[in-house]
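Remarks on the overall topology
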Amino acid sequence: MAEASAKLSVPTLESLGLARDRPLVIVDVDEVLGLFMKGFGAFVAERGYELRFERFALFQNLFQPGASEHLDIVEGRKLFDEFFRTGCGEIEPAPGAVAALRRLKPRAELLILSNAPAEAERLRGEWLKRHGLPPVLILSSGPKGPITAGLVAQTNAKSAFIDDLLPNLDSVAEHSPRTATFQHVADLRLRPLAPRSERHPRIDDWRELGEAIEAAIS
Ligand SMILES: [Mg+2]
């Protein structure tokens with residue numbers, strides 16, 4: 001909707017401290033740079049709930065122990081929000097992600113684009129710094145195509161976008177067709193459940209993914 005896109009505010013690369021004349025690589029956090037399901041599973045377990053790996057739909061995987069019906073979506077949402085407010089600084093980096101981004105750093109501007117509640121900003125920002133990951137973080141919501149297009153439009157250099165979710169990858173392909181898209185699913189248990197698409201190369205190994213990103217922006 002025109003009204004929705006008018007409200008979208010895209011920061012300037014300059015205000016983010018990013019150069020406009022170098023390739024831009026935009027990377028998701030949950031299930032790309034960090035093991036969200038593992039961390040969220042531990043968080044809900046401490047509160048007496050169970051996170052199962054039955055579907056590629058988060059809130060349908062939350063249960064009371066032993067229950068056959070998943071937890072009410074509203075209850076699940078509360079746990080999710082609480083996790084981002086207080087627990088998201090504890091997740092483990094995805095294997096190989098830190099090293100791969102370190103190798104990309106001399107070749108590209110790196111920007112972290114995460115669909116997490118605004119309350120996550122401090123913990124998520126500290127998490128990135130603590131693990132030596134790129135510090136430039138945008139917290140967003142909804143499909144990531146429009147904001148990616150707004151960022152990419154500020155540079156003539158090549159760009160790449162990495163996410164686990166096809167709706168975000170499709171949205172970027174639609175709004176920013178010259179951006180190379182890659183799908184990465186970090187959690188071993190989620191990999192067989194995550195839908196894939198011919199439109200976006202699926203590379204679950206970060207070493208291999210880092211090389212593919214480098215080739216795409218060279
Ligand atoms: Mg994600």
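Quick note: structure is the one above.
These remarks concern the structure in this document.

Cut-offs and rules
Residues numbered from 1 in each chain as written. Predicted model: local features only at pLDDT ≥ 70, side-chain atom pairs only at ≥ 80, totals over all residues. Helix = DSSP H or I, 4+ residues; strand = E, 2+ residues; numbered from the N terminus. Rg over C-alpha atoms; globule rule 2.2 N^0.38 Å. Buried ≥ 20, exposed ≤ 12 C-beta atoms within 10 Å, placed from the backbone. Pairing = 2+ DSSP bridges. Right-handed = clockwise from strand over helix to strand, strands pointing away. Arc of directions from axis to C-beta. Contact = placed C-beta atoms within 7 Å. Axes fitted to C-alpha atoms, helices over the stretch in contact; angles between N-to-C directions. Parallel < 35°, antiparallel > 145°, perpendicular 65-115°, else oblique. Left-handed = near helix turned anticlockwise from the far one by under 90°. Nonpolar A, V, L, I, M, F, W, Y, C, P; charged D, E, K, R; others polar.

What follows concerns the overall build of the chain. A count of helical and extended segments in the chain gives 8 helices and 7 strands. A compact globule built from 218 residues should have a C-alpha radius of gyration of about 17 Å, and the chain, at 17 Å, falls within 12% of that. The dimensions of the chain, computed from C-alpha atoms along their principal axes, are 55 × 40 × 35 Å. By residue count, 39% of the 218 residues in the chain fall in the buried class.

Let us look at the pairing of strand S4 (residues 109–114). Regular strands show a simple pattern: their side chains alternate between the two faces of the sheet. Of all 6 residues that make up S4, 5 are buried, and the element is covered over most of its length. Note that strand S1 (residues 24–27) and S4 share 4 bridges and pair parallel. Directly across from Val27, in S4, lies its bridge partner Ile112. Bridging between S4 and strand S5 (residues 137–139) involves 3 bridges; their strand directions are parallel. Looking across to S5, one finds that Ile112 is bridged to Leu137. Considered for its hand, the β-α-β crossover made up of S4, helix H5 (residues 121–130) and S5 is right-handed.

A separate point is helix H2 (residues 36–46). Along H2, the positions that sit buried rather than exposed are Phe36, Met37, Phe40, Gly41, Phe43 and Val44. Across the axial projection of H2, the buried residues extend over an arc of 165 degrees, all falling on one side. With respect to the buried face of H2, the exposed residues turned more than 90 degrees away are Ala45 and Glu46. Looking at the buried side of H2, the elements it contacts are strand S2 (50–51), strand S3 (62–63) and helix H3 (73–87).

Attention now goes to the sheet that holds strand S7 (residues 179–183). Taken together, 5 strands build an open sheet; the order of strands is S5-S4-S1-S6-S7 and the sheet is parallel. Sheet topology places S5 and S7 at the edges, where each strand pairs with a single neighbour. Between one strand axis and the next, the sheet turns through 20 degrees on average, direction left out of account. Sheet contacts for H5: S4 and S5; angle to S5, the most-contacted strand, approximately 150 degrees.

All right, on to the packing of helix H6 (residues 145–152) against helix H7 (residues 166–175) then. Their axes nearest at 8 Å, the elements H6 and H7 cross at an angle of 45 degrees. Relative to H7, H6 is oriented oblique. For the element pair H6 and H7, the recorded crossing hand is right-handed. Residues Gly145, Pro146, Thr148 and Ala149 of H6 touch H7, and the partners they reach there are Ser171, Val172, Glu174 and His175. Its residues placed into classes, the contact of H6 with H7 shows 3 nonpolar, 4 polar and 1 charged.

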